[in-house]
Amino acid sequence: MTKRILVVDDRNELLHLMRRVLEDEQYQVSILQEGKDAFATVKSMIPDLLILDLKLGDMSGQEVLKQIKSDTTTADIPVIVYTAAVLEAEEVSRSIESQPKFYNDVHLLRKPFELTALLDKVEELLENPGHV
């Protein structure tokens, strides 16, 4: 069965690049450009993986992450978060370390990252769930 991935980023060109790269790997990819719709979309589609930018124009990616991890329907969805903002990355890193049960299956990638690093992490999370 094809694994479903939702990518949330406010930058259109990055969304389409990630969609193309992930679809080349045979994943079913949905994209979303606005953070305010992210939680409702995740809850309705229940993707196998969420890839989330922490810097969204209309809402903080950290807020989206908290909503997802606070809801029993969506809490177990693995999430790859990424950002170029050093302070934001450190804050998320501290949150993951201090609340590992709440932030289970949340993985941080710092921009710029190689697409191969992203694909390796996607494959690791989708092909070996619970063994990361």
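Residues numbered from 1 in each chain as written. Predicted model: local features only at pLDDT ≥ 70, side-chain atom pairs only at ≥ 80, totals over all residues. Heavy atoms only, no water.

Each helix and strand counted, the chain has five helices and five strands in total. Counting helices and strands in the order they occur from the N terminus, the chain gives β-α-β-α-β-α-β-α-β-α. Relative to its length of 132 residues, the chain is compact, with a C-alpha radius of gyration of 13 Å against a globular reference of 14 Å. Its C-alpha atoms give the chain principal-axis dimensions of about 35 × 30 × 25 Å. The burial tally for the chain puts 44% of its 132 residues in the buried class. Counting only contacts in the chain whose residues sit at least 6 apart along the sequence, the fraction spanning at least 24 positions is 71%. For the chain, the accessible surface area stands at approximately 7,000 Å², while carbon and sulfur atoms represent 48% of it. Side chains of the chain give 15 positive and 24 negative charges; the mean places of these two sets differ by 3 Å. (Helix = DSSP H or I, 4+ residues; strand = E, 2+ residues; numbered from the N terminus. Rg over C-alpha atoms; globule rule 2.2 N^0.38 Å. Buried < 20%, exposed > 50% of the residue type's maximum accessible area, 1.4 Å probe, protein only. Contact = heavy atoms within 4.5 Å. Areas by Shrake-Rupley, 256 points an atom, 1.4 Å probe, with all protein chains shown as cover. Lys, Arg positive; Asp, Glu negative; His and termini not counted. Charge placed at Lys NZ, Arg CZ, Asp CG, Glu CD.)

Another aspect to go through is unusual backbone geometry. Note that the residue after Lys111, namely Pro112, is joined by a cis bond; omega there is -5°. Relative to the helices and strands, Pro112 is located in the loop between β5 (106-110) and α5 (115-127). Residues other than glycine seldom take positive phi values, yet Gln26 does so here, at roughly 75°. You can see Gln26 is positioned in the loop between α1 (12-24) and β2 (28-32).

Within the largest apolar cluster, 21 residues are counted, with the highest numbers of intra-cluster contacts made by Val8, Leu50, Leu52 and Val81. Counting residues in each nonpolar core, the second largest holds 20 residues, with Leu15, Leu22, Tyr27 and Leu126 among its members. (Core = buried A, V, L, I, M, F, W, Y, C linked by side-chain atoms within 4.5 Å.)

So, on to the sheet that holds β2. Strand pairing in a sheet takes place through backbone hydrogen bonds and is either antiparallel or parallel in direction. Pairing in this open sheet of five strands is parallel, and the strands run β2-β1-β3-β4-β5 from one edge to the other. Each having just a single partner strand, β2 and β5 make up the two edges of the open sheet. Recorded for the sheet is a direction-independent mean angle of 20° between the axes of neighbouring strands. Pairing analysis gives four bridges linking strand β1 (residues 4-8) to strand β3 (residues 49-53), with the strands arranged parallel. When the sheet's bridge partners are listed, Leu6 is paired in β3 with Leu50. Sheet strands in contact with helix α2 (residues 38-45) are β1, β2 and β3, and its direction is about 175° off that of β1. This element, helix α4 (residues 86-98), spans β4 (79-83) and β5 of the sheet and lies at about 160° to β5. (Pairing = 2+ DSSP bridges. Axes fitted to C-alpha atoms, helices over the stretch in contact; angles between N-to-C directions.)

We now examine the pairing of β5. As judged from the five bridges shared by β4 and β5, these two strands associate in the parallel manner. For Thr83, the partnering residue across the bridge sits in β5 and is Arg110. Tracing the backbone out of β4, into α4 and back to the parallel element β5 gives a crossover that is right-handed. (Right-handed = clockwise from strand over helix to strand, strands pointing away.)

Right, let's get into the pairing of β3. The buried fraction of β3 is high, at five of five residues. Two strands pair when backbone bridges link them, and β3 and β4 are joined in this way by four bridges, in the parallel orientation. In the strand pairing of β4, Asp53 is matched with Tyr82. Handedness of the crossover is the feature at issue here: the chain leaves β3, passes through helix α3 (residues 61-70), returns alongside β4, and the resulting connection is right-handed.

The end-to-end C-alpha separation of α4 is 18 Å, in line with the 18 Å expected for 13 residues at 1.5 Å each. Against α3, β4 and β5 lie the buried residues of α4. (Expected span 1.5 Å × (residues − 1).)

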